[in-house]
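Residue-level listing of the chains:
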Amino acid sequence: WLVLGLAGAMASAALLGSFEAQLSERVTLAFFLPAIVYMADAVGTQTETLAVRGLSVGVRIRDILGKELLSGALIGGLIAAALAVVISVSLLASCTVASVVALVLPWLLSRLGKDPAFGSGPLATVIQDLLSLVIYLTVATSVFG
């Protein structure tokens, strides 16, 4: 079984390699790979446990098939909805905050007697990036605990 697991890992690496162009173009796709793989494995392991237990006490697979398919779909749907909420709220808040920073920073630099065109871009980018991370992680923590 360990050799089969190793072969599966190698197949996974080859599969990901075949999507290298897409992953390079959209690196954010890679961020969700561990969550998708883990959740699928966790749901599958739970279903497998019920199937093995059921078989050991005489329950037919067809008797639990519908319930397990529904259970897997509901878990996947709930997690997908939670992720969608986290990303949607984070994007809404981050883009709103970015607009505020982009307006306030040049004004503030001008009020301080500095050239607003000189420092606004790089400074705004750093501030917006940091605030976006704080917003995303705060929203994620609020939703997922």
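Being a predicted model, the structure only gives us computed values, none of them experimental.

*Asks:* Explanation requested: the environment of Gly-5 in the structure shown.
*Replies:* Among the secondary structure elements, Gly-5 is positioned in helix H1 (residues 2–18). The class for Gly-5 is partly exposed, based on a relative accessible area of 44%. A sequence separation of 66 residues divides Gly-5 from Ser-71, and the C-alpha atoms of the two residues are 26 Å apart.

*Asks:* Hey, could you run me through the side chain of Glu-68 in this one?
*Replies:* One can find Glu-68 in helix H5 (residues 61–111). Buried charge without a partner: Glu-68 forms no salt bridge, and the closest opposite charge is Lys-67, 8.3 Å away. Beyond its immediate chain neighbours, meaning those up to four positions away, Glu-68 contacts Thr-47 and Leu-50.

*Asks:* How do you make sense of the pattern of salt bridges when you look at a structure like this?
*Replies:* Two side chains that carry opposite charge are able to pair once their charged atoms sit near each other. Scanning all chains against the criterion turns up 2 salt bridges. Ionic pairing is found between Arg-26 and Glu-25, a salt bridge with its closest N-O pair at 3.1 Å. Looking at Arg-26, the relative accessible area reads 49%, which means it is partly exposed. When its relative accessible area of 60% is taken as the criterion, Glu-25 is described as exposed. With a closest N to O distance of 3.1 Å, Arg-60 and Asp-63 form a salt bridge.

The rules we used
Residues numbered from 1 in each chain as written. Predicted model: local features only at pLDDT ≥ 70, side-chain atom pairs only at ≥ 80, totals over all residues. Heavy atoms only, no water. Helix = DSSP H or I, 4+ residues; strand = E, 2+ residues; numbered from the N terminus. Buried < 20%, exposed > 50% of the residue type's maximum accessible area, 1.4 Å probe, protein only. Lys, Arg positive; Asp, Glu negative; His and termini not counted. Salt bridge = Lys/Arg side-chain N within 4 Å of Asp/Glu carboxyl O. Contact = heavy atoms within 4.5 Å.

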